[in-house]
Amino acid sequence: MKRLRQLLPVCFLLLITGAFAADIYVSPTGNDRNPGTRQQPLQNLSAAILKARELRRLNDASIKTGINIWLSGGTYPVMETIILRPEDSGTSESPTRIAALLGESPVLSGGVEIRGWKKVYSPFTGFTKESRQHVWVSDLPGVMGNPFTFRQLWVNNKKAVRAQSAKTGTLDRILHWDKATASCIIPALPFANLEYWKGLELFIHQWWEIAILRVKKMERYGDSVKVFFEAPESKIQNEHPWPAPWLSKETGNSAFTLVNALPLLDEPGEWYLDQEKQKLYYWPRKEEDIHTAKVIAPFTETLLRIQGTANSTVKHISIEGISFQHTGWLRPSQQGHVPHQLGLYMTEAYKLRPPGTPAKPALDNQAWIGRPPAAIEMSYSSGISFQYCSVLHTASNGIDLVKGVKLAELNGNLLKDIGGNGILAGNFGEEGREIHLPYTAAKPNDLCFVISINNNMITDAGTEDWGCAGIAAGFVKLFSITNNELEFLPYTGISLGWGWTAEENMMDGNIVSRNKIHHFGMRNYDCAGIYTQSAQPNTTITANYVDSACKAPYAHLPSHWFYLYADEGTSGIKFTNNWTPTKKYLQNANGPGNQWNNNGPGAGDSIKQNAGLQNAYQHLLQLATPKTGLLINEEHPELIELVLKPGSTLDLPKLKNLLAANEMDSAALYQWQNHYVYFGKVNDLSVMQGRLQNNFPGLEVRAYYDLFYEYRKRKHCSDPSEAKEWTHILLTANLVADPALQQEYLDAHATQFLKWPDVSNGFCRADFQQLLLFRNGRQLMLVISIPKGKTLDELNPKTVANNPKMVEWNKIMGKYQEGISGTKKGESWVFLEKIGN
């Protein structure tokens, strides 16, 4: 009701301004043969648009001050895309409005309701006995004279899970990717005869994106399976270098799950579509009654398309108070899905051997992309606005401002449960330009410019493609993103720019201001609250509030997340007065002219208070779905170890100069025998690891990506006050070689605060400021931070004083630890000494 109250002033205004305009009424119970009056409404929006078009063609006297198309509440099935053409344009004096009636909630839905559920009783191939006891089946209706196929399903507006091999909330890890045979090696899974199920797919997490690969065949070799894929995605996936399957002993290989086979249907909330027999199988969740549940499968990919031409744009139309729901997207089932970034799928891509193009001598890859559909698409339009609308439950993008869009406004809208990007805008090269080239838009009408995106709520985007953002803009000009709230995002909050180039292009004068971005990076890293690319002179990113980067469970590099991220070619942008918890920012291969001023926690609480939805739009917060149990990242010092070969020496001055050149503390070095350790701030751990290896090729460089235990006084003690200056004490040891014991050790630390609270209480009593445990393979690095001026000998006894549980903990942990190479017999932990300046 609060949302309706907020809409009252707007709708009342519309009724007044429409008093001398043509009014056309639409209702789900109407008839398209009716005249479209309040008493005899039309049934479909497309019929009302045609009626309005005819009024304009005939220059009817009733349209002098405009045309209002009023939608009553209810659901309007959209089995064919509704198109607004240049002939539907209004004028500044006679605009067209398509709006909800006061107090009504019309829904344009591309979904089809599935009914007639029956219990599965008879045994047949694919089901286990347990699954058969819980699964229901329905015969699908025909849609538009064809068999019905889809990739998403919603039950009572909650997305169901396509049957998959991994348990809910988890993924498995690939064993290897074999480029020689274009195949993926995975562990053998406990499901029989998967290779015989047509439509089986492999979903793989790789760096900042995912890929969906249709399985061609599977070959079993003992406890592993080699999986081959269909064309065209097999070639693209195997040849493109960025992003690619991640193979790492340090952080784990790419995560995956197999999808879409009946034997995989083994949990509540999962479903399987037998496309050939047109049967849908579903295991209801505990709270669902299949007899009363509303089960919706999507059919239409785009519900509304505003489609002008370069010479004739669609003008002066506003759309208000309408909900757009349930869209599908079938290309992944037909050609796979291998996106480069932001869900833009590659149509051709490969590694350059040798690297280089005339414009970019160091470029090592080229790619060409396509653009997924959106529930709402706009091309060649001017003066179009969407206000107080919602876009819900989509297979791909929510709203897309594709090409030639100007003077557009998206204001006060809710975008929720979006399969791709919440809002996509601008040019990305989908017309055939290679993605690393600048876009200049030789035809001014092709530009997307003077666009305002403000006071929108974007929550739970990227549900299908984890590499998508809340708002993603490519080549745009005078593009304003203000006072939006973005939350629960798998990757980046706002992405601005495209092309990875500092060359001159059409971008200019963009604004990202007063947005609230939180709980991003839930799935993929190489992400940020706000991410930029390429030259954008006169662009300002200011007064944004960015917080709560999530701990992604399968991140390729656990530290590779940022609050602000200026990527390759970023030029001419002012980053000012943005509030972030710390200055965890990345500036990668930037061009000239960027300015960074007063960003971080010192930007002030007023920035936090004024960011996000303004007062008139706060009701949108109540329409988001809260998520619990999310783990949040905190920036922490990084740890890198350099191990010398026996008898060799380290050029310490060279090392310190390299650290200083990379804005690292050259005094933060520690040593034990041939082990040198840096512990401190690092902007990009993986990049720094590579630079150290390149500069010291004779050394082994180990980056400690796995920070698996964090105690912090401010977080875990009743007295959260911290000392102003700390002394860091570093120790190292190995875990024992037994994998089972290693896992016990890790599990114990993962549950310490819950099961062994006296351990952290002991740290509090000893005034430990923080205690961090890093791991690289078997080797552990322990960092104990204490107040400067104190010693560990002075404080450590306080951890066990009158604390028998701490004594017991220490005794138990001892069985999991042993010394690293070079320690004395019976010795486990050894201290690293700080290197003097």
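Provided above is the structure to which this section pertains.
Below is a summary of the structure that appears in this document. Bear in mind the structure is a predicted one, so any value in this text is a computation, not a measurement. (Residues numbered from 1 in each chain as written. Predicted model: local features only at pLDDT ≥ 70, side-chain atom pairs only at ≥ 80, totals over all residues. Heavy atoms only, no water.)

### Topic: helix H2 (residues 45–57)
Taking 1.5 Å as the rise per residue, H2 with 13 residues should run 18 Å; its terminal C-alpha atoms sit 18 Å apart, in good agreement. Burial in H2 covers these residues: Leu45, Ala47, Ala48, Ile49, Ala52, Leu55 and Arg56. In this fold, the buried residues of H2 make contact with strand E1 (22–26), strand E2 (67–71), strand E4 (82–84), strand E5 (96–100) and strand E6 (106–109). Phi for Asn59, located one or two positions after H2, is positive at around 55 degrees. (Helix = DSSP H or I, 4+ residues; strand = E, 2+ residues; numbered from the N terminus. Expected span 1.5 Å × (residues − 1). Buried < 20%, exposed > 50% of the residue type's maximum accessible area, 1.4 Å probe, protein only. Contact = heavy atoms within 4.5 Å.)

### Focus on the sheet that holds strand E3 (residues 74–77)
Pairing is parallel across the open sheet formed by nine strands, whose spatial order is E3-E6-E25-E30-E32-E35-E38-E41-E44. Two strands in the sheet have a free side with no partner beyond their single neighbour: E3 and strand E44 (545–549). Strand-to-strand, the axes of this sheet are offset by a mean angle of 10 degrees, without reference to chain direction. Note that strand E25 (residues 323–325) and strand E30 (residues 390–394) share three bridges and pair parallel. By the bridge assignment, Phe324 is partnered in E30 with Val391. (Pairing = 2+ DSSP bridges. Axes fitted to C-alpha atoms, helices over the stretch in contact; angles between N-to-C directions.)

### Here we look at the packing of aromatic side chains
Using the criterion set out here, one finds 31 aromatic pairs in the structure. Relative to Trp498, the ring of Phe428 lies with its centre 5.1 Å away and its plane at 75 degrees, an arrangement referred to as edge-to-face. Taken together, the positions of Phe428 in the loop between strand E33 (423–425) and strand E34 (449–454) and Trp498 in the loop between strand E39 (494–496) and strand E40 (511–513) put the pair 70 residues apart, joining distant regions of the chain. Trp498 gets classed as buried once you look at its relative accessible area, which sits at 0%. Linked through ring pairs, Phe148, Phe150, Trp271 and Phe299 together constitute an aromatic cluster. The side chain of Lys627 reaches across the aromatic face of Phe488, ending 5.7 Å from its centre. Over the face of the ring belonging to Tyr670 we find Lys834, whose NZ or CZ atom lies 6.0 Å from the ring centre. (Phe/Tyr/Trp six-rings, centres within 6.5 Å; stacked < 30°, edge-to-face > 60°. Lys NZ or Arg CZ within 6 Å of the ring centre and 35° of its normal.)

### Observations regarding the sheet that holds strand E28 (residues 365–369)
With antiparallel pairing, the three strands of this open sheet are ordered in space as E26-E27-E28. In this open sheet, the two edge strands, each paired with only one partner strand, are strand E26 (339–341) and E28. Averaged over all adjacent pairs, the angle separating strand axes in this sheet is 55 degrees, with direction ignored. Here five bridges tie strand E27 (residues 344–351) to E28, and the two strands are oriented antiparallel to one another.

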